[in-house]
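# Inside the fold
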Amino acid sequence: ISKHQEQPRVPGIQVALSVRGTTIWSEGFGYSDLEERRPVTDTTRFRIASLSKSVSSLALGRMMEDGTLDIDRPIGDYMPELPGEFHPITCRQLAGSLSGIRHYDPKDPKYNTIHYPDAFSSLTRFINDPLVFEPGTGYLYSSYGWVLLSAVMEKTGGKPFQSLMQEVWDDLGMGETSFEVWGEAYP
């Protein structure tokens, strides 16, 4: 734990050990707020960053199971309002970083402080950029691909992406999991 904490930009961590569904040890190390010198505790909330993709895949799997979404159907069938070059991309390609949609680059702001009313509105960051390669012909890790996938899920599911995810979290007993809204403090 101390070796991990020595890494740059890791001011604090929280570690827990669970055996057969029961937490037997949980402890915080370092600080959750360096300026206020607020220590990490066993209830400190952390951003999950790219683990969001794995968690979002649970909602995607549900939509596949109930027939709401066909992972191999072109997304243009679900969202004809997208630019034409995006139409043949499938949800499988979006989820597998096989879509040709770019990832972050230096021209993107380090932090996005814009609050979008829905997933579709957030596509403005990249939707007019050219594809890096023809869908299905290469691999490029792409967070923006998952942003587009969340918009497809929102549209096909008929409810906000946050609601789709909240249903998953509720069913899994993840009562402390929530979306981060820039500028708002964690509860």
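In what follows, the structure referred to is the one given above.
My aim in this report is to walk through the structure given alongside it, one point at a time. Just so you know, these numbers come straight off a predicted model, no measurement behind them.

### Let's talk about the sheet that holds strand β2 (residues 22–33)
Here three strands make up an open sheet; going across it, the order is β1-β2-β3 and the pairing antiparallel. In this open sheet, the two strands that pair with only one neighbour each are β1 (12–19) and β3 (38–39). Relative to β2, β1 runs antiparallel, the two sharing eight bridges. What sits directly across from Leu17, in β2, is Trp25.

### Regarding the nonpolar core
Ile101, Leu148 and Met153 are the most contacted members of the largest nonpolar core, which totals 32 residues. Taken together, the elements giving at least two residues each to this core come down to α2 (51–65), α3 (75–78), α4 (91–95), α5 (143–157) and α6 (161–171). Broken down by element, the residue count for this core peaks at seven residues, all from α5.

### Topic: the packing of aromatic side chains
Evaluation of the coordinates by the stated rule reveals five aromatic pairs. A centroid spacing of 4.7 Å and a plane angle of 20° characterise the contact between Phe126 and Tyr144, whose relative ring orientation is stacked. With Phe126 in the loop between α4 and α5 and Tyr144 in helix α5, this pair connects stretches of sequence that are 18 residues apart. For the pair Phe126 and Tyr144, one class covers both residues: buried. Aromatic pair Trp169 and Phe179: ring centres 5.3 Å apart, planes at 50°, arrangement tilted. With Trp169 in helix α6 and Phe179 in the segment after α6, the pair connects residues that are ten residues apart, well separated along the chain. Accessibility expressed as a relative area gives 5% for Trp169, which makes it buried. Overall, the relative accessible area of 35% leaves Phe179 in the partly exposed class. The structure contains a cluster of three or more aromatic residues connected by ring pairs, namely Tyr104, Phe126 and Tyr144. The side chain of Arg73 reaches across the aromatic face of Tyr78, ending 4.6 Å from its centre.

### Thoughts on the environment of Arg92
Here Arg92 is to be found in helix α4. Sequence-wise, Arg92 and Ile71 are 21 residues apart; in three dimensions their C-alpha atoms are separated by 5.2 Å. In this structure, Arg92 is in contact with Ile71 and Asp72, ignoring residues within four places of it in sequence.

Rules used in this analysis
Residues numbered from 1 in each chain as written. Predicted model: local features only at pLDDT ≥ 70, side-chain atom pairs only at ≥ 80, totals over all residues. Heavy atoms only, no water. Pairing = 2+ DSSP bridges. Helix = DSSP H or I, 4+ residues; strand = E, 2+ residues; numbered from the N terminus. Core = buried A, V, L, I, M, F, W, Y, C linked by side-chain atoms within 4.5 Å. Buried < 20%, exposed > 50% of the residue type's maximum accessible area, 1.4 Å probe, protein only. Phe/Tyr/Trp six-rings, centres within 6.5 Å; stacked < 30°, edge-to-face > 60°. Lys NZ or Arg CZ within 6 Å of the ring centre and 35° of its normal. Contact = heavy atoms within 4.5 Å.

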